[in-house]
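As a plain string of letters, each chain reads:
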Amino acid sequence: MSTTRGRFITFEGGEGAGKSTQVRKLVAALQARGIETVATREPGGSPNAEALREALLAGLVAPLGPAAEALVFSAARIDHLDKLIRPALARGAFVVCDRFADSTRAYQGASGKLADSFIDGLEAITVGDTQPDLTLILDLPVEEGLARASKRRGGGEVDRFEAEDVSFHRALRQSFLAIAAAHPERCVVIDATQPMDIVAAGIWRAVEQRLLERTQA
Ligand code: TYD
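Residues numbered from 1 in each chain as written. Predicted model: local features only at pLDDT ≥ 70, side-chain atom pairs only at ≥ 80, totals over all residues. Heavy atoms only, no water.

## Some points on the sheet that holds strand β3 (residues 94-98)
If you walk across this open sheet you meet the 5 strands as β2-β3-β1-β4-β5, and the pairing is parallel. Of all strands in the sheet, those bounded by a partner on one side alone are β2 (37-41) and β5 (187-191). Across this sheet, the average inter-strand angle for adjacent strands is 20 degrees, counted without regard to direction. Both strand β4 (residues 134-139) and β5 contribute to a ladder of 5 bridges, which runs parallel. By the bridge assignment for β5, L138 is matched with I190. Here helix α3 (residues 66-90) sits on the sheet and contacts β1 (8-13), β2 and β3; the angle it forms with β2, its principal contact strand, is near 160 degrees. (Pairing = 2+ DSSP bridges. Helix = DSSP H or I, 4+ residues; strand = E, 2+ residues; numbered from the N terminus. Axes fitted to C-alpha atoms, helices over the stretch in contact; angles between N-to-C directions. Contact = heavy atoms within 4.5 Å.)

What follows is the structure, encoded as structure tokens:
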């Protein structure tokens, strides 16, 4: 068993960016290298957090406002970190997570009603020093993302966040790009308008350069 801490990789981006497909591909590529890799997602990833996910995505917390939503996403995150992410990293596994704390900053922050200091404080309490080693931000124009998300949904109902208006989604995109600019040491922006395999190759390049060469050199 490895005694070094594993690596923590998160995927971020707006609606319809293709994150779940890319998470699956990256997990398969890491496992093919013989690296123990745990795939997970937020909100959710542990039984308690999955229960909170249902309430959040059903819009049960939305009437309480963005501060309350940020608190409930963070409550789910605390459990996810304690039960799944930290134990996996401690035994040397890689963890690949579909959304993490940057989504709280971008989505709940996109309302424009939360002070940066509120989100900073919440993140410090929730995440502490379990910051991602690498964050892959899948970026694409809002209209294209929403069209993809609607196609994927077929005739199904829009969820709590897809239902927000275009200006919300524009603010969201800008917020993810601002996070990437503020944290170049851990963030890589990937053009998600490219074909799926090209996106996957860009992701693999980032993982190799930033994590594997450093870890296994
Ligand atoms: P999900 O169906 O997993 O969407 P996606 O495929 O876009 O990841 O639903 C998660 C939704 O929750 C998504 O719209 C983003 C939102 N979200 C927040 O608003 N804040 C958060 O902290 C997280 C983790 C997700």
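## Some words on empty space enclosed by the protein
Scanning the entire structure with this criterion turns up 2 cavities of 30 Å³ or more. Size it by volume and the largest cavity reaches roughly 140 Å³. Lining the largest cavity are 15 residues, and of these G14, E15, L140, V142 and R173 sit closest to its centre. Listed by contribution, the elements that provide at least two residues to the lining of the largest cavity are β4, α6 (142-153) and α7 (166-182). In terms of residues, the lining of the largest cavity owes the most to one element, α7, which gives 4 residues. Split into classes, the residues belonging to the lining of the largest cavity amount to 8 nonpolar, 4 polar and 3 charged. Here the second largest cavity is characterised by a volume of approximately 50 Å³. Every residue lining the second largest cavity is listed: S74, R77, A101, T104, R105, I119, L122, E123 and T126. At the level of elements, α3, α4 (101-108) and α5 (116-127) are the ones that each hand at least two residues to the lining of the second largest cavity. The greatest single-element share of the lining of the second largest cavity, amounting to 4 residues, is contributed by α5. (1 Å grid on protein atoms, 1.4 Å probe; cavity = no way out; pocket = protein on both sides within 12 Å on 5 of 7 lines; lining within 4 Å. Points joined across faces, edges and corners; volume = space filled by probe spheres on them. Nonpolar A, V, L, I, M, F, W, Y, C, P; charged D, E, K, R; others polar.)

## So, the environment of I190
With respect to the helices and strands, I190 occurs in strand β5. By relative accessible area, which is 6% here, I190 ends up buried. As for I190 and L138, which are separated by 52 residues in sequence, their C-alpha atoms are 5.0 Å apart. In this structure, I190 is in contact with L136, I137, L138, D139, V199, G202 and I203, ignoring residues within four places of it in sequence. (Buried < 20%, exposed > 50% of the residue type's maximum accessible area, 1.4 Å probe, protein only.)

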